[in-house]
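# Examination of the molecular architecture
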Amino acid sequence: MIPRDAEAKIAEQAQKLPVVSITGPRQSGKTTLAKNAFPAYEYLSFENPDVRTLFNADPRGFLARHESHVIFDEAQRVPELFSYLQEMVDSGDEPGRFVVTGSQNFLLSKAVGQSLAGRVALFTLLPLSCHELQHAGMTPRTAAEWVWRGGYPRIFGSRLEPVDFFPSYIETYLQRDVREELGVRSLTAFMRFLRLCALRCGEMLNVAALASECDIDVKTASGWLSILETSHIVYLLQPYFSNKRKRLVKRPKLYFLDTGLACSLAGLETPADVGESGHFGHFFEAAVVSEVLKGFYACARTPQLSFWRDSNGREIDLLVEQGLRAVRAMEVKSGATYRDKHFDALSSIAQRELGLEPQQCSVVYGGDVEAETQRGRAVPFWRTASLLPL
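Scope of this entry: the structure provided in the associated data block.

Scoring rules and cut-offs
Residues numbered from 1 in each chain as written. Predicted model: local features only at pLDDT ≥ 70, side-chain atom pairs only at ≥ 80, totals over all residues. Heavy atoms only, no water. Phe/Tyr/Trp six-rings, centres within 6.5 Å; stacked < 30°, edge-to-face > 60°. Lys NZ or Arg CZ within 6 Å of the ring centre and 35° of its normal. Pairing = 2+ DSSP bridges. Helix = DSSP H or I, 4+ residues; strand = E, 2+ residues; numbered from the N terminus. Axes fitted to C-alpha atoms, helices over the stretch in contact; angles between N-to-C directions. Contact = heavy atoms within 4.5 Å. Parallel < 35°, antiparallel > 145°, perpendicular 65-115°, else oblique. Nonpolar A, V, L, I, M, F, W, Y, C, P; charged D, E, K, R; others polar. Salt bridge = Lys/Arg side-chain N within 4 Å of Asp/Glu carboxyl O. Buried < 20%, exposed > 50% of the residue type's maximum accessible area, 1.4 Å probe, protein only. Arc of directions from axis to C-beta. Expected span 1.5 Å × (residues − 1). Core = buried A, V, L, I, M, F, W, Y, C linked by side-chain atoms within 4.5 Å.

Counted according to the given criterion, the structure contains 21 aromatic pairs. One Lys or Arg, Lys 35, reaches over the ring of Tyr 43 and ends 4.0 Å from the middle of that ring. Geometry around Phe 307 places Lys 253 over its ring, the cationic atom sitting 5.3 Å from the centre.

What follows is the structure, encoded as structure tokens:
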């Protein structure tokens, strides 16, 4: 098993709160992480119909038999569980009493928020970060390989090729999470929508144009985007907003949280396909944004990320904010060669418009050499996590 950065923080929070919740996309490693972090806990999966039947037949009797130190996997399958857990933890505030996991964050987060607010430590687990791969001795050899392979643990643990893993993953996601749980009637239309989203990864989001190309209405497109975002398939990076900067754009940028999935949907089957495609720059940018998100999630911190772009097209790819101000600015370049001109936008915007010092500015690029310059820091893609103010 590849160690996860979140494990230490999860164990720490379990000593303070009665419930730990771990959500994230299907196959991101939630069950493995929970079992590894809590090896002495009993494990019960509500994916098992027998376990579900036992709970539904007699919830109180079921929980009387499993009243402490239990991992409840796929807990969104029995939403009533959370009301009973609230009653139990209120009667005895024992730290680390339950661990609940679930793939469908749009269902699980609602249930947790309604029943366990103030009693639960919330964690989001995305696929493996480059930082985790590096510590496991699996650092990607090139930026194109990093983007193409993505981070789903089974690809690395079972040595699967992405072309073998992602088609079945996509089929499972469509059949299970979309049709059964969300009532999407036309899988063909939804599949076309997914592919078009992948081809727009890293671009400014135009929902009306996306809907028109899919031959669906804007309301449907917006609903599907919400599903993808809440289930941690895509991420909408919002523009930086300040009342003093009225010329800044207001539309978000669309990113896939796993670029391996985006590459598969876009029909890119090898690292060479990725590197030679016109999408490489955008996919690389998505991988960097995802890496930053993973770093914050591992520490149970809420990320405040944005991008800066004005009506004249001047842009900073990624800002990290604290409070109401930017504290880090990153320019993202997919090329393997660092060039001083990569700092031009940071120097003219981050320092002048946002008041950032050179040490708060960085270029993340697709090469191997790290360098400190008078204008900021040049960082290889596999060192992105070192830039986070955590």
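Turning our attention to the sheet that holds strand β1 (residues 19–23). An order of β2-β3-β4-β1-β5 is seen for the 5 strands of this open sheet, with the pairing classed as parallel. Of all strands in the sheet, those bounded by a partner on one side alone are β2 (42–45) and β5 (120–124). Within this sheet the neighbouring strands show an average axis-to-axis angle of 15°, counted without direction. Where β2 meets strand β3 (residues 70–73), 4 bridges bridge the pair, whose relative direction is parallel. Each bridged residue has a counterpart across the sheet, and for Tyr 43 the counterpart in β3 is Ile 71.

Attention now goes to the sheet that holds strand β13 (residues 376–380). The pairing of strands in a sheet happens through backbone hydrogen bonds and is either parallel or antiparallel. Read across the sheet, 6 strands follow the order β8-β9-β10-β11-β13-β12 without closing on themselves; strand pairing throughout is mixed. In this open sheet, the two strands that pair with only one neighbour each are β8 (305–309) and β12 (371–373). This sheet shows a mean twist of 30° between the axes of neighbouring strands, independent of strand direction. Taken together, the 5 bridges between strand β10 (residues 325–333) and strand β11 (residues 361–365) define a ladder with parallel strand orientation. From the neighbouring strand, Met 330 faces β11, where its bridge partner is Ser 362. Taken strand by strand, helix α16 (residues 280–298) contacts β8, β9 (315–322), β10 and β11, and its axis lies near 145° from that of β10.

This part takes up the packing of helix α12 (residues 207–214) against helix α13 (residues 218–230). In the contact formed by α12 and α13, the axes pass within 9 Å of each other and the chain directions differ by 105°. Here α12 is positioned roughly perpendicular relative to α13, judged by the angle of their axes. Residue-level inspection shows Val 207, Ala 208, Leu 210 and Ala 211 of α12 in contact with α13, the latter providing Val 218, Ala 221, Ser 222 and Leu 225. Residue classes in the contact of α12 with α13 are distributed as 7 nonpolar, 1 polar and no charged.

In this section: the pattern of salt bridges. Side chains that carry opposite charge are capable of pairing whenever their charged atoms lie near each other. Under the counting rule described, the total for this entry stands at 20 salt bridges. Between Glu 12 and Lys 16 there is a salt bridge, and its shortest N-O distance comes to 3.4 Å. On the accessibility criterion, Glu 12 (32% relative accessible area) is partly exposed. Measuring nitrogen to oxygen at the nearest pair gives 2.9 Å for the salt bridge that ties Arg 375 to Asp 344. Highlighted residues: Arg 375 in the loop between β12 and β13 and Asp 344 in helix α17 (residues 344–354), separated in sequence by 31 residues. Note on Arg 375: relative accessible area 22%, which makes it partly exposed. What emerges from the salt-bridge pattern is a single network uniting Lys 253, Glu 285, Arg 309 and Glu 315.

This part is about α12. Along α12, the residues classified as buried are Val 207, Leu 210, Ala 211 and Cys 214. When α12 is viewed along its axis, its buried side chains cluster within an angular range of 100° and face the same direction. Elements in contact with the buried residues of α12: α11 (187–199) and α13. One or two steps after α12, the chain reaches Asp 215, where phi turns positive at roughly 60°.

Along its 19 residues, α16 runs 27 Å from first to last C-alpha, staying within 8% of the 27 Å computed at 1.5 Å per residue. By the criterion of burial, α16 is predominantly enclosed, with 17 of the 19 residues buried. Once α16 ends, the next one or two residues include Ala 300, with phi positive near 55°.

Another aspect to go through is the environment of Thr 23. Tracing the sequence through the fold places Thr 23 in strand β1. Sequence spacing of Thr 23 and Gly 102 is 79 residues, and the spatial spacing of their C-alpha atoms is 5.1 Å.

The subject of this paragraph is the nonpolar core. As a rule of thumb, nonpolar side chains are buried together in soluble globular proteins. One finds Phe 190, Phe 193, Ile 233, Phe 256, Phe 284 and Leu 305 to be the most contacted residues of the largest nonpolar core, which totals 81 residues. Looking at which element gives the most residues to this core, the answer is α16, with 11 residues. Sequence-distant contacts of Phe 190, that is, excluding residues within four places in its chain, are made with Tyr 173, Leu 174, Val 178, Val 184, Trp 224 and Leu 228. Ranked by size, the runner-up nonpolar core spans 19 residues in total, among them Val 19, Phe 46, Val 78 and Leu 81.

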